[in-house]
Amino acid sequence: MATDALDVLSTTMGKTPIVSDKDSSLRVTHRMNRSLYTYLLHVVIKPFRNHLGRPKEQYPEGSPKLKPHKIILRTCTVSERTVCGMHIYDILPKQTSVKAVQKRIYYFCGGGWQSPPSGQHWQMCAKMARQIPETIISIVSYPLAPKNAAPTSFPMLLKLYRQLLKDADEAEEKVILAGDSAGGNIVLALVLEALREDAVEQLNGAGAKRITHPVAIMAICPSTDLTRSNPDIEKVRPDDPILTPDFIKATARAWQGDWNPTDRRITPINADISLLAKNGIRVHGITGGYDILGPDGVLFRKKCAEHGVSGDWLHWEKQMHCFILTWPYGVPEGRESVGWIIDILKRE
């Protein structure tokens, strides 16, 4: 406890971000400080970490219909559409014309592949819609495990991906795919698998048809390796206030179904990451030092750097899984990290 107390007292130190970009295509920002608010939050929630964030129910087959959080309707409009059998919710600030839209961000919310978007997800997406000019934020309601495990859902999502990119190309709109946790896993895996399919077609002499992909990916505390075999998971476990090894292994089993956990379609770190650089797709991301999924996220980031993938990453020590979602409660690190995301996506 003395060490933790010292940590809190020293939060005035290390507030200046350390930016590392030496000999790398990636620009990595390191933050070291932890606010008193965050420290107390970790202390309060840690005894309940075997219960927090656990799925409350099993959802039926298919894309579940969602109800937008009422607080965002004060400042934004939300319209629902269905593409390839999946419900998509477009968030646009009031008094903003759809004609002014030049960019779409498709957001896949986390929740262990088993839970729909939380109120914090809706609020964060609405904030992005308000602060990123000429942009629609679209929440994708993807089929949820365990009744919709990856062997069933992933081919459906890949079909959806192709259609969304085709529609955006026809509308002359940029596309960014973003997601947190399980959603970060999905967006990385979808883009990488689509790129692999395209590379195979070209190798087999397919015609030079126009193939579109997103300009960038934003992967927030992504789950990048469903084997859960990284030894650093156990090293971080005592400090993680919300996730446990048993829980992340259970969510991985629910999503993988009868696929091997090493399959590149559910473990994107095993995919051909060089394809991202070859196609000029930037990969941005966030990892936390007190997140047991963080070590795998860092390995994925390093693999991106090895293959020359461009992007910006934020690594914040002493922060829990998906700490960005604490911003509606006034947590400083939550506010600053969401601001960082918005600044990066504004430039895309």
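Since the structure is predicted, the reported quantities are computational estimates derived from the model, not experimental observations.

Caption draft 1: Local environment of the UniProt feature "active site" (unreviewed entry) in the protein. Annotation from UniProt places "active site" (unreviewed entry) at Ser181. Positionally, Ser181 belongs in the loop between β7 (174-180) and α5 (182-203). Setting aside its immediate chain neighbours within four residues, Ser181 contacts Gly110, Ile220, Cys221, Pro222, Ser223, Leu293, His321 and Cys322.

Caption draft 2: Just the pairing of strand β10 (residues 311-316), in detail. Burial within β10 is extensive, with six of its six residues counted as buried. Both faces of β10 are covered, namely the face carrying Gly311, Trp313 and His315 and the face carrying Asp312, Leu314 and Trp316. As paired elements, strand β2 (residues 26-31) and β10 share six bridges and run parallel to each other. Paired with Arg27 across the two strands is Asp312, which belongs to β10. With four bridges connecting them, strand β9 (residues 282-288) and β10 associate as parallel partners.

Caption draft 3: Molecular detail of the environment of Pro55. Note on placement: Pro55 falls in the loop between α2 (36-45) and β3 (76-83). Note: C-alpha distance between Pro55 and Gly111 (56 residues apart in sequence) is 7.7 Å. Once residues within four sequence positions are removed from consideration, Pro55 is found in contact with Gln114, Ser115 and Phe247.

Caption draft 4: Local environment of the packing of helix α3 (residues 119-131) against helix α10 (residues 332-346). Where α3 meets α10, the axes come as close as 10 Å, and the angle between the chain directions of the two elements is 45 degrees. Relative to α10, the element α3 lies oblique. The two elements α3 and α10 cross, and the hand of that crossing is right-handed. Across from Met124, Lys127, Met128 and Gln131 in α3, the residues of α10 making contact are Val338, Ile341, Ile342, Leu345 and Lys346.

Caption draft 5: Inspection of the pattern of salt bridges at higher detail. Enumeration according to the criterion identifies 16 salt bridges in this entry. Close ionic contact of Arg81 with Asp90 constitutes a salt bridge, the shortest N to O distance being 2.6 Å. Residue Arg81 is classed as partly exposed on the basis of its relative accessible area of 24%. Using a relative accessible area of 8% as the deciding quantity, one classes Asp90 as buried. Put simply, Arg237 and Glu234 hold a salt bridge, and the shortest N to O gap is 2.9 Å. Judged by its relative accessible area of 32%, Arg237 is partly exposed. Members of the salt-bridge network, linked through shared partners, are Arg81, Asp90, Arg104 and Glu173.

Caption draft 6: Summary view of the side chain of Arg104. Its location among the elements puts Arg104 in strand β5 (residues 103-108). Among the polar contacts listed, one links the side chain of Arg104 to the side chain of Glu173, at a separation of 2.8 Å.

Caption draft 7: Highlighting the packing of aromatic side chains. For the structure shown, the criterion picks out five aromatic pairs. Measuring from ring centre to ring centre gives 5.9 Å for Trp113 and Trp255, while their planes differ by 10 degrees; the resulting arrangement is stacked. Here Trp113, found in the loop between β5 and α3, pairs with Trp255, found in helix α7 (residues 245-256); they are 142 residues apart in sequence, far enough to count as distant. Comparing Trp113 with Trp255 shows no difference in burial state: the two are buried. Summarising the aromatic geometry, the rings of Trp316 and Phe323 are spaced 5.9 Å apart at their centres and angled 80 degrees between planes, so their arrangement reads as edge-to-face. When the ring centre of Trp327 is taken as reference, the NZ or CZ atom of Lys127 above it lies at 4.9 Å.

Calculation criteria
Residues numbered from 1 in each chain as written. Predicted model: local features only at pLDDT ≥ 70, side-chain atom pairs only at ≥ 80, totals over all residues. Heavy atoms only, no water. UniProt positions renumbered as here; feature names shortened; annotations may be inferred. Helix = DSSP H or I, 4+ residues; strand = E, 2+ residues; numbered from the N terminus. Contact = heavy atoms within 4.5 Å. Buried < 20%, exposed > 50% of the residue type's maximum accessible area, 1.4 Å probe, protein only. Pairing = 2+ DSSP bridges. Axes fitted to C-alpha atoms, helices over the stretch in contact; angles between N-to-C directions. Parallel < 35°, antiparallel > 145°, perpendicular 65-115°, else oblique. Left-handed = near helix turned anticlockwise from the far one by under 90°. Salt bridge = Lys/Arg side-chain N within 4 Å of Asp/Glu carboxyl O. Polar contact = N/O pair within 3.5 Å; in protein donor to acceptor, adjacent residues only side chain to side chain. Phe/Tyr/Trp six-rings, centres within 6.5 Å; stacked < 30°, edge-to-face > 60°. Lys NZ or Arg CZ within 6 Å of the ring centre and 35° of its normal.

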